[in-house]
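One-letter residues, chain by chain:
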Amino acid sequence: MNLILLGPPGAGKGTQAELLVERFKTPHISTGDIFRAAIKEGTPLGTEAKRYMDSGQLVPDEVVIGIVNERLLKSDCKNGFLLDGFPRTVPQADALDRFLQSNGRKIDAVINIEVESAVLLKRLTGRRVCRNCAAVYHIESKPAKNTGICDHCGGEVYQRDDDAPATVSKRLEVYAAQTEPLISYYRQKGILHSFDGIKPIKEVFEKVCQALGAIPQ
Ligand code: AMP
């Protein structure tokens, strides 16, 4: 199945993606992860992306679209993929549609995770991530057993630059202005499935799986 995970920053897209990938064995394409890897490697893409990410802005459409198209052409995406954090603008969604159509493919379902802003703010500013394996923690609801050290791999657990409070507010503003319109975009296409992201992780996941199970292949 060709899937998109949609939702504001902090809605739990990454967490649901991990569970979906485990269950459906589908490649997970997170544009945020691609940019963070490029920053870590110090590539020109990383340098360009960091400028936008650190200020809570979106990386320009043409840069993101090119990267995703290239990734979708890889053989592991032949039987399905899970896009996480892409598309984030209507031009990105249009470009994705055109690209898939030209390859005889389409998006089967869009999983939209809804969470109110006050909760997102708390989740994001308290979020901590492992620099090595990207495991996600929260200072209140899921702290690492030893502060600053990843439970899984012993890597450094840190706060993403873009999870600093001022940047989080900007990211939520950008989401409302540029990404939220995709909800009606995909609703009109009849492939939008919305879920309450305040519910426990496992409950959201089971509801997502039920909805996906009902989609004809
Ligand atoms: P994420 O990890 O998905 O929250 O993404 C972190 C940051 O990467 C975003 O705040 C953007 O600056 C950038 N980014 C990720 N995906 C996209 C996208 N599809 N379009 C533009 N910028 C993106």
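This section reports on the structure supplied with the text. Everything numeric in this text was worked out from a predicted model, so none of it was measured.

## Looking at the packing of helix 4 (residues 61-72) against helix 5 (residues 90-102)
Close contact between helix 4 and helix 5 brings their axes to 10 Å; oriented N to C, the two are set at 30°. The angle between helix 4 and helix 5 places the two elements in the roughly parallel class. Classified by chirality, the crossing of helix 5 by helix 4 is right-handed. Along the contact surface, helix 4 presents Asp61, Val64, Ile65, Asn69 and Leu72, while helix 5 presents Pro91, Gln92, Ala95, Leu96, Phe99 and Leu100. Residues of the contact of helix 4 with helix 5, tallied by class, amount to 8 nonpolar, 2 polar and 1 charged.

## Regarding the site of the ligand
Close to the ligand lie 16 residues; Thr31, Arg36, Gln57, Gly85 and Gln92 are nearest. Between the ligand and Gln92, the relevant distance is 2.9 Å, taken from a nitrogen atom to a side-chain nitrogen or oxygen of the residue. One of the side-chain nitrogen or oxygen atoms of Arg171 is found 3.2 Å away from an oxygen atom of the ligand. Protein chains shield 96% of the accessible area of the ligand, which is 480 Å² for the free molecule.

## Regarding the sheet that holds strand 8 (residues 192-196)
An order of 2-3-1-4-8 is seen for the 5 strands of this open sheet, with the pairing classed as parallel. The open sheet has two edge strands with one neighbour each: strand 2 (28-30) and strand 8. Strand-to-strand twist of the sheet, defined as the mean angle between neighbouring strand axes without regard to direction, takes the value 20°. Bridge analysis of strand 4 (residues 109-114) against strand 8 gives 5 bridges, and the strand direction is parallel. Residue pairing across strands places Asn112 opposite Ser194, the latter belonging to strand 8. Where helix 1 (residues 13-24) meets the sheet, it contacts strand 1 (2-6), strand 2, strand 3 (81-84) and strand 4, and its direction lies at approximately 170° from that of strand 3.

## Side note on the packing of aromatic side chains
Per the counting criterion, the structure on display carries 1 aromatic pair. Seen from their ring centres, Tyr185 and Tyr186 are 4.9 Å apart, and the 80° between their planes marks the pair as edge-to-face. For Tyr186, a relative accessible area of 1% gives the class buried. When the ring centre of Tyr137 is taken as reference, the NZ or CZ atom of Lys142 above it lies at 5.7 Å.

## Some words on the pattern of salt bridges
The tally for this structure, following the rule as stated, stands at 16 salt bridges. With its nearest N and O atoms 4.0 Å apart, the salt bridge here joins Asp162 to Arg171. The buried category is assigned to Asp162, whose relative accessible area is 9%. Between Asp163 and Arg171 there is a salt bridge, with the nearest N and O atoms lying 2.8 Å from each other. We classify Asp163 as buried; its relative accessible area is 0%. For Arg171, a relative accessible area of 10% puts it in the buried group. Three or more residues are tied together by salt bridges with common partners; here these are Arg127, Arg160, Asp162, Asp163 and Arg171.

What counts and what doesn't
- Residues numbered from 1 in each chain as written.
- Predicted model: local features only at pLDDT ≥ 70, side-chain atom pairs only at ≥ 80, totals over all residues.
- Heavy atoms only, no water.
- Axes fitted to C-alpha atoms, helices over the stretch in contact; angles between N-to-C directions.
- Helix = DSSP H or I, 4+ residues; strand = E, 2+ residues; numbered from the N terminus.
- Parallel < 35°, antiparallel > 145°, perpendicular 65-115°, else oblique.
- Left-handed = near helix turned anticlockwise from the far one by under 90°.
- Contact = heavy atoms within 4.5 Å.
- Nonpolar A, V, L, I, M, F, W, Y, C, P; charged D, E, K, R; others polar.
- Near = heavy atom within 4 Å.
- Polar contact = N/O pair within 3.5 Å; in protein donor to acceptor, adjacent residues only side chain to side chain.
- Areas by Shrake-Rupley, 256 points an atom, 1.4 Å probe, with all protein chains shown as cover.
- Pairing = 2+ DSSP bridges.
- Phe/Tyr/Trp six-rings, centres within 6.5 Å; stacked < 30°, edge-to-face > 60°.
- Buried < 20%, exposed > 50% of the residue type's maximum accessible area, 1.4 Å probe, protein only.
- Lys NZ or Arg CZ within 6 Å of the ring centre and 35° of its normal.
- Salt bridge = Lys/Arg side-chain N within 4 Å of Asp/Glu carboxyl O.

What is shown is where atoms sit, not what they do.
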